[in-house]
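Secondary and tertiary structure notes
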Amino acid sequence: INMEGHSNGTHGKWWMNNVTAVVNYDDPILLRAKMGYTDFPANQNVYQYNSSVDSVRFVVKNNNGNAHPMHLHGHNIFVLAEGEGDWDGKIVNPSNPQRRDVQMVRPNGHLVIQWFQDNPGAWPFHCHIAWHLSLGMIIEVLESPELIHTDAQLRCSTLGSERTEFQVSCYCKRGDAGDMQGRSG
């Protein structure tokens, strides 16, 4: 995943793999996945992985002079490597990688993370600096959409005339989040 920041001709934007993401809060990805819709516009930057995928690895290359605290919702990420320049392919401490909620990617550096696919849903991977996120530095990870469609229960209740609330519960195959033994990645 290449991260870049530059102008679109009017103002600055952030790009992940040549996409500055646009989030449509009126049409949430999770709700669309529940309805069986899995075809999203490119500018929503949705990466889909079905339930046959046990784990996902992102190799992030920061191509600008700013550090970015990267965060993935719905999971603890395992940091396999981080440093300056390009990744050399080596994993630091493969038998016990550090686990993080947020991990900094250095200016002009790299970050290699991995997580187990054990929590079906729509999970943002983004820079934790709010204005970087709002300017497009986000990937939406759609995990096991076929399980969301068949197992998620969405209940809607009207709370007055102008507000609606969705409560989402999804089927999850959960174990001890710290249990790395016996799992391949």
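In what follows, the accompanying structure is described. (Residues numbered from 1 in each chain as written. Predicted model: local features only at pLDDT ≥ 70, side-chain atom pairs only at ≥ 80, totals over all residues. Heavy atoms only, no water.)

Brief notes about unusual backbone geometry
Of note, asparagine 93 is a non-glycine position whose phi angle comes to about 50 degrees, a positive value. Residue class for asparagine 93 comes out partly exposed when judged on its relative accessible area of 41%. Here the phi dihedral of serine 144 falls at roughly 50 degrees; this positive angle occurs in a residue that is not glycine. With respect to the helices and strands, serine 144 occurs in the loop between strand 11 (138-143) and helix 3 (145-151). The class for serine 144 is buried, based on a relative accessible area of 3%. (Buried < 20%, exposed > 50% of the residue type's maximum accessible area, 1.4 Å probe, protein only. Helix = DSSP H or I, 4+ residues; strand = E, 2+ residues; numbered from the N terminus.)

Brief notes about the pairing of strand 8 (residues 102-105)
Burial of strand 8 is one-sided: the residues Gln103 and Val105 facing one way are buried, the residues Val102 and Met104 facing the other way are not. Here strand 5 (residues 68-72) pairs with strand 8 via 4 bridges, running antiparallel. In the sheet register, histidine 68 faces strand 8, and the bridge partner there is valine 105. (Pairing = 2+ DSSP bridges.)

A word on the layout of surface pockets
The gaps of empty space that remain are located by a probe, the size of a water molecule, rolled over the atoms. In this structure, the largest pocket occupies an estimated 240 Å³ of space. Every residue lining the largest pocket is counted, 16 residues in all, and those nearest its centre are Val23, Tyr25, Pro124, Ile138 and Glu140. Within the residue set of the lining of the largest pocket, elements represented by two or more residues are strand 10 (121-127) and strand 11. In the lining of the largest pocket, the residues fall into 10 nonpolar, 4 polar and 2 charged. (1 Å grid on protein atoms, 1.4 Å probe; cavity = no way out; pocket = protein on both sides within 12 Å on 5 of 7 lines; lining within 4 Å. Points joined across faces, edges and corners; volume = space filled by probe spheres on them. Nonpolar A, V, L, I, M, F, W, Y, C, P; charged D, E, K, R; others polar.)

Concerning the side chain of histidine 68
Of note, histidine 68 is situated in strand 5. Owing to a relative accessible area of 0%, histidine 68 belongs among the buried residues under this scheme. Within the structure, histidine 68 has its side chain in polar contact with the side chain of histidine 132 (distance 3.1 Å). Leaving out residues up to four positions away in the same chain, histidine 68 has contacts with Met3, Trp14, Asn62, Gln103, Met104, Val105, Cys127, His132 and Met137. (Polar contact = N/O pair within 3.5 Å; in protein donor to acceptor, adjacent residues only side chain to side chain. Contact = heavy atoms within 4.5 Å.)

Focus on the packing of aromatic side chains
Per the stated rule, a full pass over the model turns up 5 aromatic pairs. With a centroid separation of 6.0 Å and 65 degrees between ring planes, the pair formed by tyrosine 47 and phenylalanine 58 is classed as edge-to-face. Of this pair, tyrosine 47 sits in strand 3 (residues 46-49) while phenylalanine 58 is found in strand 4 (residues 55-62), placing the two residues 11 residues apart along the sequence. Taking the relative accessible area as the measure of exposure, tyrosine 47 reaches 19% and is therefore buried. In this structure phenylalanine 58 comes out as buried when scored by relative accessible area, which is 4%. Arranged with centres 5.8 Å apart and planes meeting at 65 degrees, the rings of phenylalanine 78 and phenylalanine 116 form a pair that is edge-to-face. Remark: phenylalanine 116 occurs in strand 9 (residues 109-116) and phenylalanine 78 occurs in strand 6 (residues 77-84); sequence separation between them is 38 residues. An aromatic cluster is defined as three or more aromatic residues linked by ring pairs; in this entry it consists of Tyr47, Phe58, Trp115 and Phe125. (Phe/Tyr/Trp six-rings, centres within 6.5 Å; stacked < 30°, edge-to-face > 60°.)

Comments concerning the pattern of salt bridges
Evaluated as defined, the whole model comprises 4 salt bridges. In this structure, the salt-bridge partner of glutamate 84 is arginine 106, at a minimum N-O distance of 3.7 Å. Residue glutamate 84 is located in strand 6, and its partner arginine 106 is located in the loop between strand 8 and strand 9; the two are separated by 22 residues in the primary sequence. Classification of arginine 106 by relative accessible area gives partly exposed; the value is 32%. Counted as one network, the salt bridges with shared partners bring together Glu82, Glu84 and Arg106. (Salt bridge = Lys/Arg side-chain N within 4 Å of Asp/Glu carboxyl O.)

A word on the sheet that holds strand 2 (residues 12-16)
As summarised here, the arrangement of the 6 strands in space is 2-1-4-9-6-7, forming an open sheet in which the pairing is mixed. Each edge of the open sheet carries a strand with a single partner, namely strand 2 and strand 7 (98-100). Pairs of neighbouring strands in the sheet enclose a mean axial angle of 30 degrees, with direction left out of account. Bridge analysis of strand 4 against strand 9 gives 7 bridges, and the strand direction is antiparallel. Residue pairing across strands places phenylalanine 58 opposite isoleucine 113, the latter belonging to strand 9. (Axes fitted to C-alpha atoms, helices over the stretch in contact; angles between N-to-C directions.)

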